[in-house]
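Descriptive analysis of the structure
Spelled out from the first residue to the last, the chains are:
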Amino acid sequence: MTPSTNNLHSTPVPGSAAPDVEVAIIGAGFGGLGAAVELRRAGIERFVIVDKNSDIGGTWHANTYPGVAVDIPSVYYSFSYEAPQTWSRLFAPGGEVKAYADQIADRYRLREHLRLNTRVNGVTWNEDTHRYRIDTESDTFTARFVIGAVGGLEVPRMPDIPGVDDFVGKVVHTARWDHDHDYRGKRIAVIGTGATALQLIPELADRASHLTVFQRTPIWVVPKPDMRIDWGFKQALDLVPGLRRLVRLGVMATFDAGVSTAGVFYRTTSPAIGFTGRIIKRWYGTQVQDPELRAQLTPGYALGCKRPSVSNKYLRTFTRAHVELITEPIAKITPTGIVTVDGTEHEIDVLVCATGFKVMESGATPPFPIHGSHGLELGQFWQDNRFQAYQGVSVPGFPNFFLITGPYGFAAASYLAMIECTARHARRAITAARDRAATAVEIRREPHDRYWRKSLRRHRNALWLNNDCESSNTYYINPHHDVAAIRPSTHLEMWWGNKHFPLTDYRYSTLSD
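Described below are features of the structure shown in this document. (Residues numbered from 1 in each chain as written. Predicted model: local features only at pLDDT ≥ 70, side-chain atom pairs only at ≥ 80, totals over all residues. Heavy atoms only, no water.)

**With respect to the overall build of the protein**
Threshold: To qualify as a helix, a DSSP run of H or I must reach at least 4 residues; to qualify as a strand, a run of E must reach at least 2; elements of each kind are numbered from the N terminus. Classification of residues uses two cut-offs on accessible area relative to the type maximum, computed with a 1.4 Å probe and protein chains only: under 20% is buried, over 50% is exposed, and between them is partly exposed. The charge count includes Lys and Arg as positive and Asp and Glu as negative, but it does not include His or the ends of the chains. Taken as the charge location is NZ of Lys, CZ of Arg, CG of Asp or CD of Glu.
Secondary structure assignment for the protein yields 13 helices and 20 strands. Along the three orthogonal principal directions, the C-alpha set of the protein runs to about 75 × 50 × 50 Å. Per-residue burial over the protein gives 56% buried out of 513 residues. With 57 positive and 52 negative side-chain charges, the protein shows a separation of 6 Å between the mean positions of the two kinds.

See below:
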């Protein structure tokens with residue numbers, strides 16, 4: 001679908017001071033949809049949402065592997081202003097989350113602003129016109145402001161293993177699942193045991209004649225208190241004044257106490273985290289009786305170093321006769337199987353790569369060039385100077401450009417809670433510029449650096465850079481040895497910081513200045 005001509009001219013007007021659109025949102029996942037809702041709330045209608053995919057939903061459009069679902073309670077994996085209409089379980093399955101994206105698009109009349117099947121090749125700031133040029137595979141257009149809403153789980157990571165291209169059987173990455181292929185009765189191998197594999201492996205065990213799982217690092221798994229949300233409870237959430245907000249606040253407070261606070265203030269909370277880990281290990285004993293197998297599945301690093309996952313099936317799956325756990329490192333992949341370093345070849349028909357995504361890596365974050373003032377390129381700037389962004393939203397040198405999932409923006413738990421906060425931040429900055437008749441708004445260096453220094457300082461005392469995470473191989477720690485993927489704060493602080501940051505933290509200018 002292409003947007004109406006009220007939102008985007010088919011070709012730019014050379015030399016025109018007015019851009020083709022006021023705001024270009026790149027990405028039609030929940031980040032882009034949430035940003036669009038905030039623009040409409042501010043009375044901004046000349047915007048376009050550009051996405052390379054054929055439909056909205058982002059991660060929830062791309063990831064359709066068997067068993068995909070949210071791994072935090074659904075009531076918190078939603079926007080506070082829009083209750084999901086179709087979610088049937090405490091942990092909503094992926095199809096229902098995608099339906100929620102459709103609900104948002106329909107409820108807030110966003111489809112007329114969509115421009116799908118459009119891959120962005122680059123974004124460039126023009127200092128003379130205070131406009132961005134957005135180059136796509138098919139055309140070019142201009143915007144006064146740009147909101148980058150490309151999520152962190154965007155570029156799939158294929159295993160860097162010799163021979164992977166030589167395998168003659170079926171190869172599939174979990175983010176590009178092939179539903180047309182018949183997996184039943186096949187010898188299936190899964191590389192990876194992260195949050196995605198945890199959901200997928202029990203489902204594949206029901207289909208495969210033999211399932212071989214290659215594990216590099218075991219993960220923490222906790223029981224999943226999943227249940228159906230019955231009609232009565234749904235009605236109560238919708239009709240009892242304040243009940244949904246109260247339940248949501250309760251879930252947020254639980255995550256703040258058990259995840260955010262525990263991780264950020266690890267020097268104080270480490271005894272409690274260690275005690276919780278010992279309790280979980282006792283639960284492992286109820287799931288896997290074989291002590292050798294249980295030891296292979298039990299992490300040796302602290303709880304929380306990697307994203308903890310919830311499942312009632314994962315551990316027990318490895319006790320099934322046709323499921324095999326391999327902890328020997330992989331040496332190579334042959335045309336018919338996988339060879340481990342001990343020389344054993346495991347013959348397979350299907351290779352499933354549950355190997356995650358490239359997070360904050362060169363060429364992946366961002367996935368296309370973004371040029372700001374004086375030709376500064378955002379990806380190169382981050383590679384040279386470490387990942388950084390004020391409240392996870394703004395970077396000096398990139399006027400009129402805002403991120404939804406930027407560095408140090410996500411207080412670990414609900415991505416949608418973060419999106420609501422950062423999208424509101426972008427709206428506040430844009431409307432402040434409009435109120436001042438400014439054509440450019442840019443974060444000042446001093447407040448940006450103050451926020452970044454605070455984040456770095458807090459992370460020195462946090463869980464992730466502690467020695468207790470040394471063996472975790474966590475993607476939270478990037479090549480700069482920073483934990484830029486996580487905002488070291490509570491959700492309450494994330495909400496307050498984005499809602500109440502001083503507007504004077506930004507610099508406003510016009511073309512006549």
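**A few points about the sheet that holds strand 16 (residues 350-353)**
Operational definition: Pairing between two strands is assigned when DSSP locates at least 2 bridges connecting them. Orientation is described by axes fitted as lines to C-alpha atoms, over the contacting stretch for helices, and by angles from 0 to 180 degrees between their N-to-C directions.
The strand order across the open sheet formed by five strands is 7-16-8-9-12, and the pairing between neighbours is parallel. Lying at the two open borders of the sheet, with one neighbouring strand each, are strand 7 (170-173) and strand 12 (323-326). Pairs of neighbouring strands in the sheet enclose a mean axial angle of 20°, with direction left out of account. Summarising the sheet, strand 7 and strand 16 pair through four bridges and their orientation is parallel. Considered in strand 16, the bridge of V171 is made with L351.

**Details of the nonpolar core**
The nonpolar side chains of a soluble globular protein tend to be buried, and buried together. Just so we agree on the cut-off: For the purposes of this section, nonpolar cores are sets of buried Ala, Val, Leu, Ile, Met, Phe, Trp, Tyr and Cys residues that join through side-chain atoms within 4.5 Å. We call two residues in contact whenever any of their non-hydrogen atoms come within 4.5 Å of each other.
Judged by nonpolar contacts, the single largest core of 148 residues is most densely connected at I25, L110, L211, F402 and Y506. Those residues in contact with L211 that lie beyond four places of it in its chain are I188, V190, I201, L204, A205, H322, V323 and E324.

**Considering the packing of aromatic side chains**
The criterion, for reference: Pairing of aromatic rings covers Phe, Tyr and the six-membered ring of Trp, with a centre-to-centre limit of 6.5 Å; geometry is then stacked below 30 degrees between planes, edge-to-face above 60, and tilted otherwise. Look at NZ for Lys and CZ for Arg. If either is within 6 Å of the ring centre and within 35 degrees of the ring normal, a charge sits over the ring.
Going through the model one piece at a time under the given rule, you end up with 24 aromatic pairs. Centre to centre, the rings of F402 and Y506 are 6.5 Å apart; their planes meet at 50°, and the pair counts as tilted. Placement of the pair is F402 in strand 18 (residues 401-403) and Y506 in strand 20 (residues 506-509), with a sequence separation of 104 residues. There is no split in this pair, since F402 and Y506 are both buried. With a centroid separation of 6.0 Å and 55° between ring planes, the pair formed by W495 and W496 is classed as tilted. With a relative accessible area of 51%, W496 lands in the exposed category. Three or more aromatic residues link up through ring pairs in this structure, and these residues are F30, F79, Y81, W87, Y100 and Y108. The ring of Y108 has R107 sitting right over it, with the charged end atom 4.9 Å from the ring centre. Over the aromatic face of F501 sits the side chain of R428, whose NZ or CZ is 4.3 Å from the ring centroid.

**Things to note about helix 13 (residues 491-500)**
Defined as follows: Of all possible arcs, the one meant is that of the directions from the helix axis to the C-beta atoms.
For helix 13, the set of buried residues is H491, M494, G497 and N498. One side of helix 13 holds all its buried residues, which, seen down the axis, span an arc of 130°. Buried positions along helix 13 lie against helix 6 (243-264) and helix 11 (415-435).

**With respect to helix 1 (residues 30-41)**
This is how the line gets drawn: Multiplying one less than the number of residues by 1.5 Å gives the expected span of a helix.
Taking 1.5 Å of rise per residue, the twelve residues of helix 1 would be expected to cover 16 Å, and the 16 Å separating its terminal C-alpha atoms lies within 8% of that figure. Within helix 1 the residues assigned to the buried category are F30, G31, G32, L33, G34, A35, A36, V37, E38, L39 and R40. Among the structural elements, strand 1 (21-26), strand 2 (47-50), helix 2 (59-62), helix 3 (94-107), strand 6 (140-148) and helix 11 are those in contact with the buried residues of helix 1. Where helix 1 ends, the next residue or the one after it, G43, has phi of about 80°, a positive value.

**Topic: the pairing of strand 19 (residues 440-443)**
Of the two faces of strand 19, both are covered, the one formed by A440 and E442 as well as the one formed by V441 and I443. Where strand 19 meets strand 20, four bridges bridge the pair, whose relative direction is antiparallel. Looking at strand 20, one finds that I443 is bridged to Y506.

**Remarks on the sheet that holds strand 13 (residues 330-333)**
Ordered in space as 13-14-15, the three strands form an open sheet in which the pairing is antiparallel. Pairing within the sheet leaves two strands with one partner each, and these edge strands are strand 13 and strand 15 (345-347). Averaged over all pairs of adjacent strands, the angle between their axes in this sheet comes to 25°, without regard to strand direction. Alignment of strand 13 against strand 14 (residues 337-340), held across three bridges, turns out to be antiparallel. The partner of I333 across the bridge, within strand 14, is I338.

**Here's the deal with the state of the cysteines**
Heads up, the condition is: The term disulfide is used for any two cysteine sulfur atoms that are within 2.5 Å.
If you walk through the whole model with that rule in mind, you get one disulfide. One disulfide bridge connects C305 with C469, the sulfur atoms lying 1.9 Å from each other. When the S-S torsion is -85°, as for the bridge of C305 with C469, the disulfide is left-handed. On the criterion of sequence distance, the pair formed by C305 in the loop between helix 8 (291-297) and strand 11 (309-310) and C469 in the loop between helix 12 (445-460) and helix 13 is long-range, its members being 164 residues apart. Under the relative-accessibility criterion, C305 is labelled buried at 0%.

**Remarks on unusual backbone geometry**
Phi is positive for Q391, close to 55°, though the residue is something other than glycine. With respect to the secondary-structure elements, Q391 resides in the loop between helix 10 (378-385) and strand 18. Residue classification places Q391 among the buried positions, given a relative accessible area of 7%. The phi torsion at H481 lies on the positive side, around 65°, for a residue other than glycine. Here H481 is to be found in the loop between helix 12 and helix 13.

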